[in-house]
Amino acid sequence: MYALIDGNSFYASCERVFRPDLQHHPVVVLSNNDGCIVTLTREAKALGLKRGTPLFQVQDIVRRHKVAVFSSNYELYGDMSARMMKTIASFAPAIEVYSIDECFADLSGLSDLTALGFKIRERIWRWIGIPACVGIAPTKTLAKYCNHLAKKIPALNGVLNWNDLTPERRRKALACQNVDEVWGVGGRLSSRMLRLGIRTPLDLSEASEALLKQCFPSNVIDTARELRGIKAIEFEPTAPIRQRLVRSRSFAGDVYDKNDLLSAITMHAQEAARVLREERLVAAKVGVFISSNRFKSDVPAYAAMDVIELGRYVNDTPTILAGAEKLLHRLFRKGVAYKKAGVVLSGIQSVNETNGDLLGFETERADKLSEVVDLINNKFGKDTISFSAVKRNSDHWKMRRDMKSPSYTTRFSDVLAVKA
């Protein structure tokens, strides 16, 4: 048996933890550069606001109803997520972190699972301050679907155990939602399913496997089996080694200067290399992509990407950065209004699966430098020390976060003070 636990309106709920005055108040959190709504509370949805809507299109509603608007505070959300996952792990033999706000828990060998679901939910609320829902079922797909229903149906009080339902109620549960609410069934797949008369999760669970095999990729057959209670998707407590690692952001404004682009590329290369070291991975290739502002009709449109081999498997920042800088010089075109840049690492393997460098003196120096940078940044805060190409005094190329809340849990200067 598995449980799928996720935090409701996670980004907005994180903001509410430190702003209790916003409980029962409409709250929205914005995407990069304060563009679109990415998270919103139930109260905000009741006003007609929707995910993906650009903020400028709904400013009247925001002002009229005094909606609290926040820029994305990734530092805060990441820390709150780690706390939530540790809390869930205290209940289960193993967990599989699926995203920043949700994870699967293996409940094998545990008893009274419905009561356990309520205990998990209560502890997350008590210890972290995040409202959560719990779906419990014999397969991961059903657990995620039960979680969806636990959110949608108030009478369930945030927890649904598939095994508590009679066969008749299970059929009704599968028939009460559209098929695109099933995990792994996106808009394109659901459109094709509709043409075949597959409108609900129940229809998908009862569809002929021969038909599914003929019309869809193999993962759709796995999904249909899981909806029938047949395990087809493995539980992965240890995440598989990532195939590639991408770090990118859109700029707050248009960027024309190569040095500003280099600052952004340097920042992304630093972050990508840090993640490699954190996950004990190494990469054999580095790529860079840059693209223009497609909404600027008065300047040349341009997008380019290139990749180079690093010559060996590495995870040190200097080597990765040198390759990324070389690519930027190759791709840069003068006069273009750039809007986005990023770094891609590929050819990734575990550190334990690669052989050492026979001529390893330079590699050892770069590794030690990266290790010292990590130690300083871990002790004194992210980006306390960075490579010289990063322009600290220029915000032109950085992401705009004009309404960002303090980093309450990750920066000493932002820790809340209690007054007597």
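Note that the structure is predicted; figures quoted are calculated from it, not measured.

Enquirer: What am I meant to see in the packing of aromatic side chains here?
Expert: What describes a pair of aromatic rings is the distance from one ring centre to the other and the angle between the planes of the rings. Within the structure shown, the criterion is met by nine aromatic pairs. For the pair Y98 and F104, a centre-to-centre distance of 6.0 Å together with 70° between the ring planes defines the contact as edge-to-face. Accessibility expressed as a relative area gives 0% for F104, which makes it buried. Taking the centre distance of 5.5 Å and the plane angle of 90° together, the rings of Y98 and W183 count as edge-to-face. Placement of the pair is Y98 in strand β5 (residues 94–99) and W183 in the loop between α7 (167–175) and α8 (187–195), with a sequence separation of 85 residues. The exposure class assigned to Y98 is partly exposed, which follows from its relative accessible area of 38%.

Enquirer: Which parts of the structure should I look at to understand unusual backbone geometry?
Expert: Note on backbone geometry: most residues besides glycine have negative phi, and most peptide bonds are trans. Of note in this structure, N33 is not a glycine but carries a positive phi near 60°. Inspection of the secondary structure assignment puts N33 in the loop between β2 (27–30) and β3 (37–40).

Enquirer: I'm lost on the sheet that holds β5 in this one. Help?
Expert: Within a sheet, neighbouring strands are paired by backbone hydrogen bonds and run either parallel or antiparallel to one another. The strand order β5-β6-β1-β7-β8 describes an open sheet built from five strands, whose pairing is mixed. Strands at the two margins of the open sheet, each flanked by one partner only, are β5 and β8 (159–161). Mean inter-strand twist for the sheet, computed between neighbouring axes without regard to direction, equals 15°. Pairing analysis gives three bridges linking strand β7 (residues 132–137) to β8, with the strands arranged parallel. Residue G135 lies in a different strand from β8, and its bridge partner there is L160.

Enquirer: When you look at the environment of G129 in this model, what are you seeing that I'm missing?
Expert: Within the fold, G129 resides in the loop between α5 (113–127) and β7. Discounting residues that sit within four places of it in the chain, G129 has contacts with V17 and I124.

Enquirer: Can you walk me through the sheet that holds strand β4 (residues 68–70) in this structure?
Expert: The strand order β3-β2-β4 describes an open sheet built from three strands, whose pairing is mixed. The open sheet has two edge strands with one neighbour each: β3 and β4. Between one strand axis and the next, the sheet turns by 25° as a mean value, whatever way the strands run. As defined by bridge partners, β2 adjoins β4 across three bridges and the pair is classed as parallel. Residue pairing in the sheet places V29 in a bridge with F70 of β4. Sitting on the sheet, helix α1 (residues 10–17) is in contact with β2, β3 and β4, with an inclination near 115° to β2.

Enquirer: Sorry, what's going on with the pairing of β7 here?
Expert: For a regular strand, side chains alternate in direction, first toward one face of the sheet and then toward the other. Across the six residues that make up β7, a large majority, six, are buried. Relative to β7, strand β1 (residues 2–7) is paired through six bridges, and the arrangement is antiparallel. Paired with Y2 across the strands is A137, a residue of β7. A crossover links β7 with its parallel partner β8, the connecting element being helix α6 (residues 140–152), and its sense is left-handed.

Enquirer: Is there a simple way to explain helix α13 (residues 317–331) in this structure?
Expert: Given 3.6 residues per turn, any residue in an α-helix points the same way as the ones three and four places further on. Between its first and last C-alpha atoms α13 spans 21 Å; for 15 residues at 1.5 Å apiece the expected length is 21 Å, and the two agree. Every buried residue of α13 is listed here: T317, T319, I320, L321, G323, A324, L327, L328 and L331.

Enquirer: Explain the packing of helix α4 (residues 74–89) against α5 to me, please; I cannot follow it from the model alone.
Expert: Contact geometry of α4 with α5 gives a least axis separation of 10 Å together with a crossing angle of 140°. Relative to α5, the element α4 lies oblique. Handedness of the α4/α5 crossing: right-handed. Contact residues: M84, T87 and I88 in α4; I120, R123, I124 and W127 in α5.

Enquirer: Help me understand the pairing of strand β10 (residues 281–292) in this model?
Expert: Within β10, ten of the twelve residues are buried, which leaves the element mostly enclosed by the surrounding structure. Examined bridge by bridge, β10 and strand β13 (residues 349–350) share two bridges and lie antiparallel to one another. The partner of L281 across the bridge, within β13, is S350. Summarising the sheet, β10 and strand β11 (residues 303–314) pair through eight bridges and their orientation is antiparallel. Looking at the pairing, V288 lines up with D306 of β11. Where β10 and strand β12 (residues 338–346) come together, eight bridges link them in antiparallel fashion. When the bridges of β12 are listed, V286 appears paired with L345.

Enquirer: Looking at this structure, how should I read the layout of surface pockets?
Expert: Picture a little ball the size of a water molecule; that probe, rolled over the atoms, points out where space is still empty. The space that makes up the second largest pocket amounts to roughly 1,400 Å³. In this structure, the second largest pocket is lined by 41 residues; those nearest its centre are G7, N8, S9, K45 and K151. Elements with a contribution of two residues or more to the lining of the second largest pocket: β1, α1, β3, α2 (42–46), α5 and α6. If you tally residues by element for the lining of the second largest pocket, the top one is α6, at eight residues.

Rules of the game
Residues numbered from 1 in each chain as written. Predicted model: local features only at pLDDT ≥ 70, side-chain atom pairs only at ≥ 80, totals over all residues. Heavy atoms only, no water. Phe/Tyr/Trp six-rings, centres within 6.5 Å; stacked < 30°, edge-to-face > 60°. Buried < 20%, exposed > 50% of the residue type's maximum accessible area, 1.4 Å probe, protein only. Helix = DSSP H or I, 4+ residues; strand = E, 2+ residues; numbered from the N terminus. Pairing = 2+ DSSP bridges. Axes fitted to C-alpha atoms, helices over the stretch in contact; angles between N-to-C directions. Contact = heavy atoms within 4.5 Å. Right-handed = clockwise from strand over helix to strand, strands pointing away. Expected span 1.5 Å × (residues − 1). Parallel < 35°, antiparallel > 145°, perpendicular 65-115°, else oblique. Left-handed = near helix turned anticlockwise from the far one by under 90°. 1 Å grid on protein atoms, 1.4 Å probe; cavity = no way out; pocket = protein on both sides within 12 Å on 5 of 7 lines; lining within 4 Å. Points joined across faces, edges and corners; volume = space filled by probe spheres on them.

Nothing here speaks to function; it is geometry throughout.
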